[in-house]
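# Summary of structural features
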Amino acid sequence: MKAIVFDQFGGPDVLHEAAIEVPQPGPGQVRVRVKAAGLNALDGKIRAGLLEAVRPTTLPAVPGGELAGVVDALGEGVSDVQVGDEVLGWSDTGSYAQYALATTVAPKPAGLDWRHAVALPVAGETAERVLNLLEVAAGETVLMHGASGAVGTLAVQLATARGARVIATAGPSNQEYLTSLGATATVYGDGLVERVRALAPEGVDAVFDLAGKGALEDSITLRDGTERIVTIADFGARQLGITFSQGSQERSTARLAALAQDAAAGKLVTTVTAYPLDQAATAQQVSDAGHVRGKLVLTID
């Protein structure tokens, strides 16, 4: 099969197309003919070798942790999924490929296209996990740093669906975008504390940092302490006494299916920029640069 692989750690240019063996599903797994693969910032960190101390990678490797596609083979013991089912979920093998294995998948609604379906697994799980950690409730005000990406796009909507008010930061070009999702938008950078206090004189109840670039000190000031601040992006969090939330293996098929139904019904907006599989290096270069609006996706013929 055709896949994107890297044989050494480095920049996006180490990614290249290769012909590799089609994987065979083991017990509890399904094999998926991939139609779209989600691209995440984590993919670039793994490719660059930045996570070798905590998450070693065996080379050559196929990137990608989420997929949407058609089930074409079942492993032993699989009974809740059938060959021919259209699904979305998390890949056990790299998803930048024509075929990938998966253990946790949810049905894809007919009204949801592949590109928008694959925008849901990682971003949806991350957004809900952090909102739950923060115990966001109706009537509260949540500050989200760097909210215009894939996770922020869903987090803004899921928080407002709980009845919370969201103040979200992004660059000037994404202010209208955040407003369209239901947030009160403001720019990041110098003077942020004063801008947020003007928008929320009563204070903010919780902070969700998706930016990872110097926002934690301002968050501590705004919260008058470190309680109810969570980051998914700033590795200096623990030194400040702030919770760093990493990806969870407790992935809920039921919750993913519910998000997919909401997206298909237009109740949950996803924004995607798609590249063909052979432009994976270009897509990762865009991801590495940051400031992405919504989700980057690879489409596979």
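Before any of the text, the structure's been laid out above.
Residues numbered from 1 in each chain as written. Predicted model: local features only at pLDDT ≥ 70, side-chain atom pairs only at ≥ 80, totals over all residues. Heavy atoms only, no water.

### Overview of the overall build of the chain
Within the chain, the regular secondary structure consists of 10 helices and 14 strands. The C-alpha atoms of the chain give 19 Å as radius of gyration, which agrees with the globular expectation for 301 residues (19 Å, within 12%). Dimensions of the chain along its principal axes, counting C-alpha atoms only, are 60 × 40 × 30 Å. Total accessible area computed for the chain in this model is approximately 13200 Å², and 49% of it derives from carbon and sulfur atoms. Averaging the coordinates of the 23 positive side-chain charges in the chain and doing the same for the 34 negative ones gives two points 3 Å apart. (Helix = DSSP H or I, 4+ residues; strand = E, 2+ residues; numbered from the N terminus. Rg over C-alpha atoms; globule rule 2.2 N^0.38 Å. Areas by Shrake-Rupley, 256 points an atom, 1.4 Å probe, with all protein chains shown as cover. Lys, Arg positive; Asp, Glu negative; His and termini not counted. Charge placed at Lys NZ, Arg CZ, Asp CG, Glu CD.)

### Structural notes on helix 6 (residues 192–199)
The set of residues buried in helix 6 consists of Leu192, Val193 and Val196. Looking straight down helix 6, one finds that the buried residues subtend no more than 100° of arc, so they occupy a single side. More than 90 degrees from the buried face of helix 6, the exposed residues found are Glu194 and Ala198. Elements that come into contact with the buried residues of helix 6 comprise strand 7 (141–145), strand 8 (165–170), strand 9 (184–187) and helix 7 (216–223). (Buried < 20%, exposed > 50% of the residue type's maximum accessible area, 1.4 Å probe, protein only. Arc of directions from axis to C-beta. Contact = heavy atoms within 4.5 Å.)

### Quick look at the sheet that holds strand 8
What the six strands build is an open sheet, ordered 9-8-7-10-11-12; its pairing is parallel. The open sheet has two edge strands with one neighbour each: strand 9 and strand 12 (243–244). As judged from the four bridges shared by strand 7 and strand 8, these two strands associate in the parallel manner. Bridge pairing links Met144 to Ala168 in strand 8. On the sheet, helix 4 (residues 150–161) packs against strand 7, strand 8 and strand 10 (206–209) and is oriented at approximately 165° with respect to strand 8. Most of the contacts of helix 7 go to strand 11 (residues 229–231), to which it runs at about 165°, and overall it touches strand 7, strand 10 and strand 11. (Pairing = 2+ DSSP bridges. Axes fitted to C-alpha atoms, helices over the stretch in contact; angles between N-to-C directions.)

### Let's talk about the environment of Gly38
Within the element layout of this structure, Gly38 appears in strand 3 (residues 30–39). Relative accessible area serves as the criterion here: at 0%, Gly38 is assigned to the buried category. Leave out the neighbours within four places in its chain, and Gly38 touches Asp43, Glu66, Ser95, Tyr96, Val118, Lys295 and Leu296.

### Topic: the nonpolar core
It is characteristic of soluble globular proteins that their nonpolar side chains tend to be buried jointly. If you look at the biggest cluster of nonpolar residues, it comprises 46 residues, and the most contacted ones within it are Leu120, Met144, Val156 and Phe208. With seven residues, helix 4 is the largest single contributor of residues to this core. Viewed by domain, this core spans two of them, domain 1 (2–122 + 248–299) and domain 2 (123–244), each represented by three or more residues. Ignoring any residue separated from it by four or fewer positions in sequence, one finds Val156 in contact with Met144, Ala147, Val166, Ala168, Leu181, Gly182 and Ala183. (Core = buried A, V, L, I, M, F, W, Y, C linked by side-chain atoms within 4.5 Å. Domains from an automatic or database assignment.)

### Some points on the pattern of salt bridges
Applying the stated criterion to the full structure yields eight salt bridges. Of the charged contacts, one joins Arg31 and Asp72 as a salt bridge, the two residues approaching to 2.9 Å between their closest N and O atoms. Here Arg31 is found in strand 3, whereas its partner Asp72 is found in strand 4 (residues 66–74), with 41 residues between them in sequence. For Arg31, a relative accessible area of 12% translates into the label buried. Here Glu128 ties to Arg255 by a salt bridge, and the two come within 2.3 Å at their closest N and O atoms. Of the two residues, Glu128 sits in helix 3 (residues 121–133) while Arg255 sits in helix 9 (residues 253–264), which places them 127 residues apart along the sequence. (Salt bridge = Lys/Arg side-chain N within 4 Å of Asp/Glu carboxyl O.)

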